[in-house]
Structure formats: C-alpha cells, structure tokens
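Fold and geometry: a report
One letter stands for each residue in the lines below.
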Amino acid sequence: GESVGLHLPTLSVQEGDNSIINCAYSNSASDYFIWYKQESGKGPQFIIDIRSNMDKRQGQRVTVLLNKTVKHLSLQIAATQPGDSAVYFCAENRGTGNQFYFGTGTSLTVIP
Amino acid sequence: DSGVTQTPKHLITATGQRVTLRCSPRSGDLSVYWYQQSLDQGLQFLIQYYNGEERAKGNILERFSAQQFPDLHSELNLSSLELGDSALYFCASSVATGYEQYFGPGTRLTVT
C-alpha cells in the first residue's frame, strides 16, 4: 500500500520547547500537502496545509515548511503544550483531483 | 468537532458476518472518503465518492463496497468479515476532490 505503518517514529519534547516533525514524500508531482493531528481514539484533525507554489505557511503556533528540491515537508510547533501530544500525519495530493496519500505518522509526546 | 458524523461508534461482530457503517459529511461537502486504520497498515484509503458517483478506489477489498446516497450520506458495507478486518474505519468529507478532508470520529470494528 501507499502508507507504511509498521514503525511509528516518536518524538519527545519538554513543555514549552519547539517541536519539529518531518515528512518525506516521493512523488514530484505532489502539489498539495496537509498536516493532520490524531489524538488517541479520535479521527485525524486538520492542522495546516500548503500548496506547492509556496515554501512556508504559518498558522497559530504552527508553521509548515516545504522543500520541493528534496521532497521534504516539516511541521514546526512553537511552545509545545501537553495538549499537542498526538500522532501527526502528513498527507500529499499527487496532482489536482487525485486522492491523498498519508505518511506513517510521528508520535509526539510532550513532557510536562 | 469536524462536522462529520459516523455511526456506530463501536461494532463487535463475528467472522463471516456483514456490517454497514454510516457516514454523514459536513454540510456542503460533496465528496466522501473512506479509510481503514489498523496498527500494522496505518491509514489506508479505501474509496471516494463525489456527489453520488464513485470517484477513486484505493486498497478496497472485493468483500467491501460503498455507496453515496442522494442526500450525500455514505455507507460502507463490509461482508464475509475476517479477523484481519478489525480496525478503525474513518469517513472524511471535503467540498471537492483535492481539498482538505475533514474526518469523522471513526467506527471501531472488532471481528471475533
């Protein structure tokens, strides 16, 4: 399948620190990317998106960076809070009108 | 609350049985997606409907089928259930293909 969920990367950060979650994508035709947050027992929740004509987009406490040269996407969370503890997924859309492909996910744990 | 509703929240059934999962998209969204999330496969796209018509198929088994009704709600039918079908099933909706998807709370299916 397109999503490999065998090994979930983990990241632990101290409360108040900044977090950086990374995602690599493989298809150079991908033109739209979304970061989702999934808390235990809940569905994925939209956080922020970015289109391929941009390299940076900021939201409230979150920033997404897109490096098309190396096909890399990152999510930066400023002043991480305990409520940010969740699994974070990146999703790529491989061209207009196509379905989204989800990455493996990264588990973020915030230490109070 | 994403605005996407799914029923039932939990479902326990036996192997060989058939179940129907129901999804109501956000108001105004025409596109509905179904995903399966299991521990060893991550988030897998199953199928997409747009305004009543099938638009894209992913890793959906032949034992599974779906449809979208004129009122835009969707149902996912799972038949001849096997133990390996135990998973979380999510529905998501979007205004159109290629736009951000909003996920429902999921249905947890346990096949015994």
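I will try to describe carefully the structure that is included in this document. Here the structure is a predicted model, which means the values were calculated and not measured.

Focus: the layout of surface pockets
Taken as a whole, the largest pocket holds about 530 Å³ of empty space. Considering the residues around the largest pocket, the lining is formed by 22 residues, among which Gln38(A), Gln37(B), Ser38(B), Leu39(B) and Leu88(B) are closest to the centre. Taken together, the elements giving at least two residues each to the lining of the largest pocket come down to strand S8 (86-93) of chain A together with strand S4 (31-38), strand S9 (87-94) and strand S11 (107-111) of chain B. Of the residues assigned to the lining of the largest pocket, the class counts are nine nonpolar, 10 polar and three charged. Reported here for the second largest pocket is a volume of approximately 290 Å³. If you trace the second largest pocket, you find 15 residues lining it, with Gly43(A), Pro44(A), Gln45(A), Ser2(B) and Phe103(B) closest to the centre.

A look at the sheet that holds strand S2 (residues 19-24) of chain A
For sheets, the rule is that strands pair by backbone hydrogen bonds, running either parallel or antiparallel. Residue and element names in this part refer to chain A. Pairing within the open sheet is antiparallel, and its four strands lie in the order S2-S7-S6-S5. In this open sheet, the two edge strands, each paired with only one partner strand, are S2 and strand S5 (56-58). Between one strand and the next, the sheet's axes are offset by a mean angle of 15 degrees, whatever the strand orientation. Bridge count for S5 against strand S6 (residues 62-67) is three bridges, and the pairing is antiparallel. Residue pairing across strands places lysine 56 opposite leucine 65, the latter belonging to S6.

With respect to the sheet that holds strand S7 (residues 64-68) of chain B
Residues and elements named next belong to chain B. Taking strand neighbours across the sheet as the criterion, the four strands line up as S1-S3-S8-S7 in an open arrangement whose pairing is antiparallel. Two strands bound the open sheet, and with one partner strand each, they are strand S1 (5-7) and S7. Taken pair by pair, the neighbouring strands of this sheet meet at an average axis angle of 15 degrees, ignoring direction. In terms of strand pairing, S7 meets strand S8 (residues 74-78) through five bridges, oriented antiparallel. Its bridge partner being in S8, glutamine 68 is matched across the sheet by serine 74.

Some thoughts on the side chain of Asn77(B)
All names here are of chain B. The residue asparagine 77 is located in strand S8 in this model. At a separation of 2.8 Å, a polar atom in the side chain of asparagine 77 contacts the side chain of threonine 20. Dropping the residues within four chain positions of it, asparagine 77 is found in contact with Arg18, Val19, Thr20, Arg63, Phe64, Ser65 and Gln67.

What to know about the packing of aromatic side chains
Applying the stated criterion across every chain, the model contains 13 aromatic pairs over all chains. Every member of this aromatic cluster is reached through a ring pair, and the members are Tyr36(A), Phe46(A), Phe89(A), Phe102(A), Tyr35(B), Phe45(B), Phe90(B), Tyr102(B) and Phe103(B). Taking the ring centre of Tyr102(B) as reference, the NZ or CZ of Arg26(B) above it sits at 3.9 Å.

A look at the nonpolar core
All names here are of chain B. Core analysis: the biggest nonpolar cluster contains 21 residues, and Val19, Leu21, Trp34, Leu76, Leu78, Tyr89 and Leu109 have the highest contact counts within it. Looking at this core, the elements that each hand over two or more residues are strand S3 (19-24), S4, strand S5 (42-50), S7, S8, S9 and S11. Beyond its immediate chain neighbours, meaning those up to four positions away, leucine 21 contacts Thr7, Pro8, Leu11, Trp34, Ser74, Glu75, Leu76, Leu78, Tyr89 and Thr107.

Rules used throughout
- Residues numbered from 1 in each chain as written.
- Chains lettered and ligands numbered in written order.
- Predicted model: local features only at pLDDT ≥ 70, side-chain atom pairs only at ≥ 80, totals over all residues.
- Heavy atoms only, no water.
- 1 Å grid on protein atoms, 1.4 Å probe; cavity = no way out; pocket = protein on both sides within 12 Å on 5 of 7 lines; lining within 4 Å.
- Points joined across faces, edges and corners; volume = space filled by probe spheres on them.
- Helix = DSSP H or I, 4+ residues; strand = E, 2+ residues; numbered from the N terminus.
- Nonpolar A, V, L, I, M, F, W, Y, C, P; charged D, E, K, R; others polar.
- Pairing = 2+ DSSP bridges.
- Axes fitted to C-alpha atoms, helices over the stretch in contact; angles between N-to-C directions.
- Polar contact = N/O pair within 3.5 Å; in protein donor to acceptor, adjacent residues only side chain to side chain.
- Contact = heavy atoms within 4.5 Å.
- Phe/Tyr/Trp six-rings, centres within 6.5 Å; stacked < 30°, edge-to-face > 60°.
- Lys NZ or Arg CZ within 6 Å of the ring centre and 35° of its normal.
- Core = buried A, V, L, I, M, F, W, Y, C linked by side-chain atoms within 4.5 Å.
- Buried < 20%, exposed > 50% of the residue type's maximum accessible area, 1.4 Å probe, protein only.

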